[in-house]
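Residue strings, one per chain:
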Amino acid sequence: GSQSKIMEEKSSRILFIYTRTSTFINGDLDILSGRHIVTSLEVDNSTPSKQLFALIKEFFFLLANIKSYDVVYIWFADYHSFLPALFAKLAGKRCLLVIGGYDTCRVKKYKYGSFVNPLRGFMTRMSMKMATLNLCVSKYVERVVRAVAPGSATEVLYNGIRFEPAQVRKSAGPRQVLCVALATSPQAFHIKGVDRFIALAAAMPQYQFTLVGANMDRIWFLTGKIPANLSILPKVDHSQLRKFYSKSHVYCQLSRRESFSLALAEAMIHGCIPVITRVGGMPEVTGEFGESVFALFGDNFKSSGENSALESAKEAVENALAHKDNIAQAERIRTHFTFEKRAERLLELVK
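Fair warning: this is a prediction, and the values are worked out from it, not measured in the lab.

Draft legend 1. Up close: the overall build of the protein. Helices and strands together make up the secondary structure of the protein, namely 15 helices and twelve strands. Burial status across the protein gives 53% buried among its 351 residues. Relative to all contacts within the protein whose residues are 6 or more apart in sequence, the contacts with residues 24 or more apart total 65%. Total accessible area computed for the protein in this model is approximately 16,200 Å², and 55% of it derives from carbon and sulfur atoms.

Draft legend 2. Local environment of a nonpolar patch on the surface. On the surface, Leu52, Ile56, Phe59, Phe60 and Leu63 cluster together into a nonpolar patch covering about 500 Å² of accessible area. Within the secondary structure, phenylalanine 60 sits in helix H3 (residues 48-65).

Draft legend 3. Fine view of the packing of aromatic side chains. Inspection of the entire model under this criterion finds twelve aromatic pairs. A centroid spacing of 5.2 Å and a plane angle of 80 degrees characterise the contact between phenylalanine 59 and phenylalanine 60, whose relative ring orientation is edge-to-face. By relative accessible area, which is 31% here, phenylalanine 59 ends up partly exposed. Arranged with centres 6.3 Å apart and planes meeting at 45 degrees, the rings of phenylalanine 82 and phenylalanine 122 form a pair that is tilted. Taken as a pair, phenylalanine 82 in helix H4 (residues 79-91) and phenylalanine 122 in helix H5 (residues 118-130) lie far apart in primary sequence, 40 residues in all.

Draft legend 4. Molecular detail of the environment of isoleucine 219. Within the secondary structure layout, isoleucine 219 lies in helix H9 (residues 216-223). Counting along the chain gives 30 residues from isoleucine 219 to phenylalanine 189, while the straight-line C-alpha distance between them is 7.3 Å. Sequence-distant contacts of isoleucine 219, defined by excluding residues within four places in its chain, comprise Ala183, Ser185, Pro186, Phe189 and Ala214.

Draft legend 5. Expanded view of the environment of glycine 213. Inspection of the secondary structure assignment puts glycine 213 in strand S8 (residues 208-214). In the structure, glycine 213 is positioned 32 residues away from alanine 181 in sequence and 5.2 Å away in space, judged by C-alpha atoms. Setting aside its immediate chain neighbours within four residues, glycine 213 contacts Ala181, Leu182, Ala183, Leu233, Pro234 and Lys235.

Draft legend 6. Looking closely at the pattern of salt bridges. All told, the structure shown has ten salt bridges when counted by the stated rule. The shortest N-O distance in the salt bridge between glutamate 155 and arginine 345 comes to 2.7 Å. Separated by 190 residues along the polypeptide, glutamate 155 in strand S6 (residues 154-156) and arginine 345 in helix H15 (residues 339-350) bring together distant segments of the chain. In this structure glutamate 155 comes out as buried when scored by relative accessible area, which is 18%. The partner of aspartate 195 in a salt bridge is arginine 256, and the shortest N-O contact between them spans 2.9 Å.

Draft legend 7. Region of interest: the packing of H4 against H5. Packing of H4 against H5 leaves a shortest axis separation of 8 Å and a crossing angle of 35 degrees. The crossing of H4 and H5 is left-handed. Residues Tyr79, Ser81, Phe82, Ala85, Leu86 and Lys89 of H4 form the contact with H5, whose own contacting residues are Leu119, Arg120, Phe122, Met123, Met126, Ser127 and Met130.

Draft legend 8. Spatial organisation of the nonpolar core. In terms of nonpolar packing, the biggest core is built from 77 residues, with Tyr73, Leu135 and Tyr251 touching the most fellow members. The element that contributes the greatest number of residues to this core is helix H11 (residues 262-269), accounting for seven residues. Residues in contact with tyrosine 251, not counting those within four places in the same chain, are Leu178, Cys179, Val180, Tyr245, Ala263, Leu264, Ala267, Cys272, Ile273, Pro274 and Val275. In terms of nonpolar packing, the next biggest core, distinct from the first, is built from 29 residues, Met204, Cys252, Leu310 and Val317 among them.

Quick notes on the rules
Residues numbered from 1 in each chain as written. Predicted model: local features only at pLDDT ≥ 70, side-chain atom pairs only at ≥ 80, totals over all residues. Heavy atoms only, no water. Helix = DSSP H or I, 4+ residues; strand = E, 2+ residues; numbered from the N terminus. Buried < 20%, exposed > 50% of the residue type's maximum accessible area, 1.4 Å probe, protein only. Contact = heavy atoms within 4.5 Å. Areas by Shrake-Rupley, 256 points an atom, 1.4 Å probe, with all protein chains shown as cover. Patch = residues over 30% accessible without salt bridge, like charges linked within 9 Å, V, L, I, M, F, W, Y side chains within 5 Å. Salt bridge = Lys/Arg side-chain N within 4 Å of Asp/Glu carboxyl O. Phe/Tyr/Trp six-rings, centres within 6.5 Å; stacked < 30°, edge-to-face > 60°. Axes fitted to C-alpha atoms, helices over the stretch in contact; angles between N-to-C directions. Left-handed = near helix turned anticlockwise from the far one by under 90°. Core = buried A, V, L, I, M, F, W, Y, C linked by side-chain atoms within 4.5 Å.

So this is what it looks like as structure tokens:
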């Protein structure tokens, strides 16, 4: 009956490998579990010793079980992707590797990215080469994969936004500027451009700025004096972000590296006008909407003067705050970056 029909569709057995859960990893798990039999394997990389133990465990798990899976699905290329990609290749199984961003970076100054460490870079590159297909979260990421691992098979599969706001219209009231950035380490503080956001808030005292996702215990020594018009909040549950998006008029992401930026797309679907640095995949998300800070400034975000990056960011925020229409960019996200779109393509690829 219908039960056996459902089981028939649940044909593939998928081994789903990741290092820690997140919104988008849970999203892919939901998509794949809906149609297939999914076993998930978490490879804890939170400390070097835990990682070593997890990789040994992963090795024995693959040795014993690789034959019973049809597809190996891995989030991010890194230490944890090397063995599964290798085992899949040797066992003639399909391997889909999602490339998210950290795995395509080398920012020496902040010791950020897989390619800062030669061994890690080697394992990342080899994982990309051995995978049947690298699923890149943006065209920018795809370009990087083609450069670091020439000859690898790639396809762009954008992240998808899961929740839709009830309404996009903004309330009257004080205009607010928002940034959502998981700044839980000094590296992330700089990569996500949190220092720039703080400098911008200090330079625009007449507006209310909010930063969500900062772990102040770990970055307090970097922030300097916090301006009075800036509220800094720790990471909140993903479902709680809606109320911040709904209250804000402008969403600011001044990152130094950014592969896609899910928060940017979520803010836009809630009608926030985006202000971004033109790096990575962010211009793909915003399209023609929003304001870009063109000056790919070094770290001179503090200096004033009419051509400085800070001035161009201030101007971008002023322009964004003056915007009246915020329906169009919500429509853009709805057209290009929905969870349903990702789900449909992902299921086709697994089949």
